[in-house]
Amino acid sequence: MTFAIEIEKKHVQKSERVKSLEIHPTEPWILVGLYTGTVQRWNYQSQTVEKNYQVSESPVRSAKFIAREKSIIVGSDDHFIRVYNYTTDEKTKEFKAHDDYIRSLAVHPILPYVLSCSDDMMIKLWDWEKDWACTQVFKGHNHYVMKVVFNPKENQTFTSVSLDCSMKMWNLSSSDPILELEAHSKGINCVDFLTCDDKQWLITGSDDYTAKVWDLQTQICVQILEGHKNNISALAVHPALPALFTGSEDGTFSVWDATNYRLLNTQISELGRVWAIGFTRLEGSHMLILGCDEGMIMGKIVCSESTPEED
């Protein structure tokens, strides 16, 4: 028996270009970062926009919940990080974080830390218990740093990817990388961890139209995911299902079996290029969220088993 996935379109929310998505861990909220400089808090149960934050006149490329602080943190192209209390909607902090566009933020799962990365080629660590002091700067990339992600298995480490075609692993205590891979022939836009039992892989998505699966122990590429006809602009590993998702500037998204990397499905987004991918549950079903040029799509993930004859 093999695994199959279909996406049934549930809801389309038209808006300006969606550059980031973040799903709250307990509330029915999606934090939507828009190219217009606005951040929306969207309730996926009522399918309504509950709050608009007019953050900046520059694009927002990353917005995250800090749920244990009842806050959101936003990075934008004006080089600033802003923090809001989502209970009172008060802006609690605003500071210049970088010398160029802020591409990505990552919130530490336990410690009071946030990582930011930028077109200034820097990665910075911020401590909100020290009034958002910068406690570490990570240098090593020589082009825009597009994404930072904490390692879910070893949260003292994180990974970064860049338009310099490299993927790097870092320890929070050192400004130098602990691992470097020339991972693609063109710039890398996105990265995520795939963990199964005690084994861990990294998935990278690139402007060379491919995603690659990397064995972290051997530092070898074990699979190339091919099929997209333009840059891979987003990817995400599903937290519960054995599936990973890629989104592309070709206007499609693909679903891959995370156990054997077989392509399960490719669909057209219908809202243009895909910039962000997220997951949640609604009424007992797994849901896929896509952020695109013309808004957001929420679809039901339908899993089934098929015999080889049906493949």
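Reading guide: rules and limits
- Each chain has its residues counted from 1, running along the sequence as written.
- Totals for whole chains, interfaces and linings use every residue, but because this is a predicted model, local features are given only for residues with pLDDT of at least 70 and side-chain atom pairs only at 80 or more, for both listing and counting.
- The side-chain values count all of the structure's non-hydrogen atoms but skip hydrogen atoms and water molecules.
- Each helix is a run of H or I in the DSSP string that is no shorter than four residues. Each strand is a run of E no shorter than two, and both are numbered from the N terminus.
- The globule rule is 2.2 Å times the number of residues to the power 0.38, and the radius of gyration it is compared with is taken over C-alpha atoms.
- Buried residues are those whose accessible area, probed at 1.4 Å on protein chains only, stays under 20% of the maximum for their type, while exposed residues exceed 50% and partly exposed ones sit between those limits.
- Whether two residues touch is decided by their heavy atoms; if any such pair falls within 4.5 Å, the residues are in contact.
- In the sections that follow, a salt bridge refers to a side-chain nitrogen of Lys or Arg positioned within 4 Å of a carboxyl oxygen of Asp or Glu.
- A pair of strands is labelled paired if DSSP reports no fewer than 2 bridges between them.
- Only the stretch in contact is used when a helix axis is fitted, and all axes are lines through C-alpha atoms; the angle between N-to-C directions ranges over 0 to 180 degrees.
- Aromatic pairing here means that ring centres of Phe, Tyr or Trp (its six-membered ring) are within 6.5 Å. Orientation follows from the plane angle: under 30 degrees is stacked, over 60 is edge-to-face, and everything else is tilted.
- Charge-over-ring placement is defined geometrically: NZ (Lys) or CZ (Arg) within 6 Å of the ring centre, and within 35 degrees of the ring normal.

With that settled, the discussion passes to the overall build of the protein chain. Of regular secondary structure, the protein chain possesses zero helices and 28 strands. The C-alpha radius of gyration of the protein chain comes to 18 Å, within 12% of the 19 Å expected for a compact globule of 311 residues. Along the longest, intermediate and shortest principal axes, the C-alpha atoms of the protein chain span 60 × 45 × 30 Å. Within the protein chain, the proportion of its 311 residues that are buried is 58%. The contacts of the protein chain with a sequence gap of at least 6 include a subset with a gap of at least 24, amounting to 42%.

On to the pattern of salt bridges, then. According to the stated counting rule, one finds 14 salt bridges in the structure shown. Note that Asp293 and Arg17 form a salt bridge whose closest N and O atoms lie 3.4 Å from each other. In this pair, Asp293 is assigned in the loop between strand 27 (285-292) and strand 28 (295-306) and Arg17 in the loop between strand 1 (2-14) and strand 2 (18-23), connecting sequence segments 276 residues apart. Residues participating in the shared-partner salt-bridge network are Asp78, Arg82, Lys91 and Glu94.

It is worth spelling out the sheet that holds strand 2 at this point. Pairing between sheet strands relies on hydrogen bonds along the backbone, with the strands arranged either parallel or antiparallel. Strand order in this open sheet of four strands is 2-3-4-5, and the pairing throughout is antiparallel. Looking along the sheet, the strands with just one partner apiece sit at the ends: strand 2 and strand 5 (48-54). Taken pair by pair, the neighbouring strands of this sheet meet at an average axis angle of 20 degrees, ignoring direction. The pairing of strand 3 (residues 29-34) with strand 4 (residues 38-43) spans five bridges and is classified as antiparallel. The residue of strand 4 that forms the bridge with Ile30 is Trp42.

Spatially, the four strands line up as an open sheet ordered 22-23-24-25, and their pairing is antiparallel. Strands with a single pairing partner mark the edges of an open sheet, and in this sheet they are strand 22 (232-237) and strand 25 (263-268). Each strand of the sheet is rotated relative to its neighbour by a mean of 15 degrees, with strand direction disregarded. Inspection of the sheet shows strand 23 (residues 243-248) paired to strand 24 (residues 252-257) by five bridges, in the antiparallel sense.

This part is about the packing of aromatic side chains. Inspection of every chain in the model, using the stated rule, returns twelve aromatic pairs. Judged by centre distance (5.9 Å) and plane angle (90 degrees), the rings of Phe65 and Tyr86 are edge-to-face. One end of the pair, Phe65, is in strand 6 (residues 60-66); the other, Tyr86, is in the loop between strand 8 (80-85) and strand 9 (91-96), and 21 residues separate them in sequence. Its relative accessible area of 4% is what places Phe65 among the buried residues. Between the aromatic rings of Phe95 and Trp126, the centroid separation amounts to 4.8 Å while the plane-to-plane angle is 55 degrees, which identifies the pairing as tilted. A residue pair is termed long-range when its members are at least 10 positions apart, and Phe95 in strand 9 and Trp126 in strand 12 (residues 123-127) qualify at 31 residues. Take Phe95: its relative accessible area is 11%, and that puts it in the buried class. In this structure, Arg17 packs its charged tip against the face of Tyr35, placed 4.2 Å from the ring centre. Above the face of the Trp29 ring, Arg41 is positioned so that its terminal group lies 4.2 Å from the ring centre.

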